[in-house]
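Fold and geometry: a report
What follows is the residue order along each chain.
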Amino acid sequence: MSIMTAKAKKITLNIITILLMVAFIGAGFGKLMRTDMMVESFDRYDIPIGLMLLLGFLELSAALGLLIPKVRLFAATGLSIIMAGAIVVHVYHNEMDQLVGPVLLFVLLIAFITMRKQLLKTTKTKKK
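Residues numbered from 1 in each chain as written. Predicted model: local features only at pLDDT ≥ 70, side-chain atom pairs only at ≥ 80, totals over all residues. Heavy atoms only, no water.

What follows covers the pattern of salt bridges. Scanning the model with the defined rule gives 2 salt bridges in all. Here R44 and E95 are joined by a salt bridge, their closest N and O atoms 3.6 Å apart. Placement of the pair is R44 in helix α2 (residues 36-44) and E95 in the loop between α4 (72-92) and α5 (100-127), with a sequence separation of 51 residues. (Salt bridge = Lys/Arg side-chain N within 4 Å of Asp/Glu carboxyl O. Helix = DSSP H or I, 4+ residues; strand = E, 2+ residues; numbered from the N terminus.)

Encoded structure:
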């Protein structure tokens with residue numbers, strides 16, 4: 001038995017989707033535009049700028065993919081892998097104060113994936 005109604009889940013999913021899209025479009029553009037803040041961060045971790053550009057492209061593409069029904073779960077999974085990597089980098093460099101953003105986004109992505117799968121399951125059940 002679910003605590004949330006289907007309508008409440010859809011509204012929550014829409015809010016989470018918007019938050020994720022705003023966050024990852026901003027982060028992706030920041031990387032692709034080679035902002036000083038992003039370049040300094042990647043330099044500090046000795047991560048090549050080419051990888052920063054790739055991550056920016058992936059974040060931007062996946063953020064847009066969250067809107068496309070057939071790829072949204074793949075997009076969210078890819079973004080969660082990127083966030084897991086960001087968490088590992090911050091922990092490795094003992095930057096616990098930098099974990100809030102990546103952990104929050106990771107949790108939102110897991111919630112998004114879980115709720116989308118539940119919604120798909122209930123939709124398929126109703127069609128039978």
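Structure's up, so let's keep going.
On the surface, D36, E40, D43 and D46 cluster together to form a negatively charged patch. Take D36: it is sitting in helix α2. (Patch = residues over 30% accessible without salt bridge, like charges linked within 9 Å, V, L, I, M, F, W, Y side chains within 5 Å. Areas by Shrake-Rupley, 256 points an atom, 1.4 Å probe, with all protein chains shown as cover. Lys, Arg positive; Asp, Glu negative; His and termini not counted. Charge placed at Lys NZ, Arg CZ, Asp CG, Glu CD.)

Right, let's get into the environment of L105. Note on placement: L105 falls in helix α5. Assessed through its relative accessible area of 17%, L105 is described here as buried. What L105 contacts, discounting residues up to four positions off in sequence, is L20, A23, F24 and M83. (Buried < 20%, exposed > 50% of the residue type's maximum accessible area, 1.4 Å probe, protein only. Contact = heavy atoms within 4.5 Å.)

With their axes 8 Å apart at the nearest point, helix α1 (residues 6-32) and helix α3 (residues 49-65) run at an angle of 150° to one another. Taken together, the axis directions place α1 and α3 in an arrangement best described as roughly antiparallel. Considering the relative orientation of α1 and α3, their crossing is left-handed. Contacts from M21, F24, I25, A27, G28, F29, K31 and L32 of α1 reach α3 at M52, L53, L55, G56, F57, E59, L60, A63 and L64. Of the residues assigned to the contact of α1 with α3, the class counts are 13 nonpolar, 2 polar and 2 charged. (Axes fitted to C-alpha atoms, helices over the stretch in contact; angles between N-to-C directions. Parallel < 35°, antiparallel > 145°, perpendicular 65-115°, else oblique. Left-handed = near helix turned anticlockwise from the far one by under 90°. Nonpolar A, V, L, I, M, F, W, Y, C, P; charged D, E, K, R; others polar.)

It is worth spelling out unusual backbone geometry at this point. The general pattern is negative phi for most residues beyond glycine and trans for most peptide bonds. Residues other than glycine seldom take positive phi values, yet R34 does so here, at roughly 55°. Looking at the secondary structure, you find R34 in the loop between α1 and α2. Backbone geometry at N94 places phi at a positive 55°, although glycine is not the residue there. Along the chain, N94 falls in the loop between α4 and α5.

Here the focus is the confidence of the model for the protein chain. A residue-level look at the protein chain finds 96% of positions with pLDDT of 70 or above and a mean pLDDT of 93. Ranking the helices and strands of the protein chain by mean pLDDT puts α3 first, with 98, and α5 last, with 89. (pLDDT = per-residue confidence, 0-100.)

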